[in-house]
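The primary structure of each chain is shown beneath.
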Amino acid sequence: MPYRKLGRTSSHRWAMLRNMVTSLVEHERIRTTTAKAKELRRVADRMVTWAKDGSLHARRQAAMVIRTKEHLKKLFDVLGPRYLTRAGGYTRVLKLQRFRPGDAAEMSLIEFVGRPGELRPARPPQTEIKLSSSGKAMGKEDVISSVPPRSSSASLS
């Protein structure tokens, strides 16, 4: 899937997205242009996915993006467990009615879904992830093996 260049060089764009995702983790809702919010959503969802994993490798991957250690800690201790049963779609982009005064750019709010004080209540996730007894998400094989077999007395007609 192609990405938006946002009128910046690749290093400037990546630095901006790193700053924005750190601010999003800190405040859990930020106001920005719609194009930046849609790009930020991709990065933020990846960060939450790594936080759900919780492994040392995932923490190191996220540490390359998140700017400060306290925000990295919040990502793994607060946001990761919050979305353990959600299969994706951790952020929401809400378009604002008013445009930016200087250049009339379309503005949006991007926020985490299911946070306290959110603007619109979250819809329940369409697919729930089953958790094992250790609290980790079960793989596809584990979910299939935990489903009881069908009884043979059920008729197909």
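Residues numbered from 1 in each chain as written. Predicted model: local features only at pLDDT ≥ 70, side-chain atom pairs only at ≥ 80, totals over all residues. Heavy atoms only, no water.

If you check an unreviewed UniProt entry, the protein appears there as Large ribosomal subunit protein bL17c from Nannochloropsis gaditana. Its UniProt record, at the heading Sequence similarities (unreviewed entry), says of the protein: "Belongs to the bacterial ribosomal protein bL17 family." (UniProt positions renumbered as here; feature names shortened; annotations may be inferred.)

Trainee: Give a detailed account of the overall build of the protein, specifying residues and quantitative values.
Mentor: Regarding its fold elements, the protein presents five helices and three strands. Along the protein, from the amino end to the carboxyl end, the secondary structure elements read α-β-α-α-α-β-β-α. Residues classed as buried in the protein amount to 32% of the 157 residues present. Roughly 10300 Å² of accessible area belongs to the protein as shown, and the carbon and sulfur atoms make up 54% of that amount. (Helix = DSSP H or I, 4+ residues; strand = E, 2+ residues; numbered from the N terminus. Buried < 20%, exposed > 50% of the residue type's maximum accessible area, 1.4 Å probe, protein only. Areas by Shrake-Rupley, 256 points an atom, 1.4 Å probe, with all protein chains shown as cover.)

Trainee: Provide a residue-level description of the side chain of Glu-28, including the pertinent values.
Mentor: Residue position: Glu-28 is located in the loop between α1 (10-27) and β1 (29-33). On the basis of relative accessible area, Glu-28 is assigned to the buried category, the value being 9%. A polar atom in the side chain of Glu-28 sits 3.2 Å from the side chain of Lys-74. (Polar contact = N/O pair within 3.5 Å; in protein donor to acceptor, adjacent residues only side chain to side chain.)

Trainee: Go over the sheet that holds β1, please, and point to the residues and values.
Mentor: Strand order in the open sheet formed by three strands is β1-β3-β2, with antiparallel pairing between adjacent strands. Every other strand in the sheet has two partners, leaving β1 and β2 (91-99) as the edge strands with one partner each. Each adjacent strand pair in this sheet contributes to an overall mean axis angle of 25 degrees, direction not counted. Against the sheet, α1 engages β1, β2 and β3 (106-112), with an angle of about 145 degrees to β1. (Pairing = 2+ DSSP bridges. Axes fitted to C-alpha atoms, helices over the stretch in contact; angles between N-to-C directions. Contact = heavy atoms within 4.5 Å.)

Trainee: Talk me through the pattern of salt bridges; I want residue IDs and the actual numbers.
Mentor: This model, assessed by the stated rule, comprises eleven salt bridges. For Arg-100, the salt bridge goes to Asp-103, with nearest N and O atoms at 2.9 Å. Among the residues examined, Arg-100 registers a relative accessible area of 31% and is labelled partly exposed. Overlapping salt bridges bring together Glu-28, Arg-29, Lys-74, Arg-82, Arg-92, Glu-111 and Arg-115 as one network. (Salt bridge = Lys/Arg side-chain N within 4 Å of Asp/Glu carboxyl O.)

Trainee: Report on the environment of Ala-122, specifying residues and quantitative values.
Mentor: Here Ala-122 lies in the loop between β3 and α5 (140-146). Along the backbone, Ala-122 and Phe-112 are ten residues apart, and their C-alpha atoms lie at a distance of 9.6 Å. Among residues more than four places away in sequence, those in contact with Ala-122 are Arg-86, Arg-92, Val-113 and Gly-114.

Trainee: If you had to explain the pairing of β3 to someone new, which residues and values would you point to?
Mentor: Every other side chain in a regular strand lies on the same face of the sheet, so the side chains alternate between the two faces. Of all seven residues in β3, six are buried; the element is thus mostly enclosed. Bridge count for β1 against β3 is five bridges, and the pairing is antiparallel. Bridge assignment links Arg-29 to a residue of β3, and that residue is Glu-111. Strand direction decides the pairing type here: β2 and β3, joined by six bridges, are antiparallel. Residue pairing across strands places Thr-91 opposite Phe-112, the latter belonging to β3. Linkage of β2 to β3, two consecutive antiparallel strands, is achieved through a turn of six residues, within which Ala-104 is found at a positive phi near 60 degrees.

Trainee: Tell me about the confidence of the model for the protein, and please be specific about residues and values.
Mentor: Of the residues in the protein, 78% reach a pLDDT of 70 or more, and the chain-wide mean stands at 84. Within the protein, the element-level pLDDT minimum falls on α5, averaging 51, and the maximum on helix α3 (residues 56-63), averaging 96. (pLDDT = per-residue confidence, 0-100.)

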